Amino acid sequence: MFDMLARQPDDPLLALIGLFRKDARPGKIDLGVGVYRDETGATPIFRAVKAAEKALLETQQTKSYIGPEGDAVYLDLLWSLTGGNKTGRAVAGVQTPGGSGALRLAADLLQGMGVKRILLGLPSWPNHASIFKAAGLEIVAYPFFDVPSQTVLFDRMVEALDGASAGDAVLLHASCHNPSGGVLTSLQWQEIAAIVERRGLLPLVDLAYQGFGRGLEEDVVGLRSLLAAVPEALVAISSSKSFGLYRERTGAIFAVAASQVLADTARSNLAALARISYSMPPDHGAAIVRGILESEALKADWMQELDGMRARIQTIRQSLAAGLKGRWPSLAAMADQEGMFSLLPLSEAEVLRLRADHGIYMPTSGRINIAGLKTSDVDAVVSKFIAL
Ligand SMILES: Cc1ncc(COP(=O)(O)O)c(C=O)c1O
């Protein structure tokens, strides 16, 4: 009966990886894939991850089942890293297969609670809309970022949130907005928190790049001011980028509530949803994160390496902004954007021309992964863009 199925289109970003691989030109450059790359083009394993893995190999006593909630110690440590513990809010979490698993459990929970709609600022990470739709939620889209002027459309965001109905959910990127790099100021976060509280909305915050923006603490300032102001929230965390654990599928979903009883009830529902889907989360990545965060020495080393990655991204950001603003004055704003991504104001034809003529790969949206560039390639790439 498989002939009843329609063939699904390839995920455009995954298809781009395939095209890049097939390109035999030696100087080709991949600005598409959403992983951190170092100066050699590698996606490195953190030193602290290797050390924690070694320790695990020697000390781990069992591979027995861990339970749908996952490891409570990992969850506590991860929550502390967000500073969520400092808000004094009641919270309960469940370990998940990556940030995607966290978002899917959150979406299923919302649907089960009777939430019908979720507000989503566009553009966003494409999987957001797919996950929410798959869970049966209606997406209420609003424009979040204007590519030609490189500005966050904060007025449009406020208008959308203000026009929402009590009981609607709203997806918020904690920091390092994917794909735009657009930044919300602390004051804007406070304004959002006040509207969310006033309108009775339920925020779902996606924290997938902590440490890649301004710093581990700075990247959760908005999240913390939101948590201080709203009665309830869901926070989906991915450890994929922050710990470089992409394929280990490591993440968590936290429910913040007005009382511990309510938070625990939310957790029991999240765990029940996990049980009927994948049963229990993979644990190797979470055990590594736990090993790092439990050890002062490993944590310090991890933070140092993360600081280095962020600094590399910021340096290349500055160079790109300086080089590209001559042709596109609005791209001066790239220097103040954050995280791995920015959205260039290129037409589809220009993106395809860069690919065909120069082996420079990015999706047709014009999103570039700044970490995909080596410092030594920046000038050459800038000149190719300018000559478009
Ligand atoms: C904004 C955002 N959220 C969540 C995720 C999910 O990450 P993962 O499922 O790999 O942990 C990603 C991955 O690219 C992302 O960009």
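It should be emphasised that the depicted structure is a prediction, and the values quoted were computed from it without experimental measurement. (Residues numbered from 1 in each chain as written. Predicted model: local features only at pLDDT ≥ 70, side-chain atom pairs only at ≥ 80, totals over all residues. Heavy atoms only, no water.)

Visitor: Help me get a handle on the sheet that holds strand E2 (residues 90-96), residues and values and all.
Guide: Read across the open sheet, the seven strands follow the order E2-E10-E9-E8-E7-E3-E4; overall the sheet is mixed. Each of the sheet's edge strands pairs with one partner strand only, and the pair in question is E2 and strand E4 (138-143). Taken over all neighbouring pairs, the strand axes of this sheet differ in orientation by 20° on average, direction set aside. Across six bridges, strand E9 (residues 233-238) lies against strand E10 (residues 251-257) in antiparallel orientation. (Pairing = 2+ DSSP bridges. Helix = DSSP H or I, 4+ residues; strand = E, 2+ residues; numbered from the N terminus. Axes fitted to C-alpha atoms, helices over the stretch in contact; angles between N-to-C directions.)

Visitor: Tell me what's going on with the domain arrangement of the protein, and back it up with residues and numbers.
Guide: For interface size, the figure often reported is the accessible area lost on association. Entries for the protein in the domain assignment read domain 1 (11-44 + 306-386) and domain 2 (51-296). On a C-alpha basis, the centroid separation for the pair domain 1 and domain 2 is 27 Å. Between domain 1 and domain 2, the residue contacts involve 25 residues of the former and 26 residues of the latter. Summed over both partners, the interface of domain 1 with domain 2 comes to about 2000 Å²; 59% of that surface belongs to carbon and sulfur atoms. One can count one salt bridge joining domain 1 with domain 2. Close ionic contact of Arg214 with Glu338 constitutes a salt bridge, the shortest N to O distance being 2.9 Å. Between domain 1 and domain 2 we count 12 residue pairs in polar contact (both at pLDDT 80 or more) in total. When contributions to the side of domain 1 that touches domain 2 are tallied by element, the ones reaching two or more residues are helix H11 (296-324) and strand E11 (341-343). No other element matches H11, which puts six residues into the side of domain 1 that touches domain 2. Residue classes in the side of domain 1 that touches domain 2 are distributed as 13 nonpolar, seven polar and five charged. (Domains from an automatic or database assignment. Contact = heavy atoms within 4.5 Å. Buried area = accessible area lost by both parts, 1.4 Å probe. Salt bridge = Lys/Arg side-chain N within 4 Å of Asp/Glu carboxyl O. Polar contact = N/O pair within 3.5 Å; in protein donor to acceptor, adjacent residues only side chain to side chain. Nonpolar A, V, L, I, M, F, W, Y, C, P; charged D, E, K, R; others polar.)

Visitor: Describe the site of the ligand, with residues and values.
Guide: Around the ligand sit 13 residues, and of these Ser100, Asp206, Ser238, Ser240 and Arg249 come closest. Gly99 places a polar main-chain atom, nitrogen or oxygen, 2.7 Å from an oxygen atom of the ligand. One of the side-chain nitrogen or oxygen atoms of Asp206 is found 2.6 Å away from a nitrogen atom of the ligand. Looking at the shell around the ligand residue by residue, the class counts come to four nonpolar, six polar and three charged. (Near = heavy atom within 4 Å.)

Visitor: So what's going on with unusual backbone geometry? Which residues, and what values?
Guide: Pro123 follows Leu122 through a cis peptide bond whose omega is 0°. Along the polypeptide, Pro123 turns up in the loop between strand E3 (117-122) and helix H5 (126-134). Even without being glycine, Arg249 reaches a positive phi, approximately 55°. As for its placement among the helices and strands, Arg249 is situated in the loop between E9 and E10. Of note, Ser279 is a non-glycine position whose phi angle comes to about 75°, a positive value. Here Ser279 lies in the loop between helix H9 (260-275) and helix H10 (284-294).

Visitor: Requested: an account of the environment of Phe385, with residues and values cited.
Guide: Among the secondary structure elements, Phe385 is positioned in helix H13 (residues 378-386). Residue classification places Phe385 among the buried positions, given a relative accessible area of 1%. The sequence separation of Phe385 and Leu346 amounts to 39 residues, and the corresponding C-alpha distance is 9.3 Å. Here Phe385 is in contact with Leu31, Leu324, Arg327, Trp328, Leu344, Leu346, Leu354 and Met362, once residues within four sequence places are set aside. (Buried < 20%, exposed > 50% of the residue type's maximum accessible area, 1.4 Å probe, protein only.)

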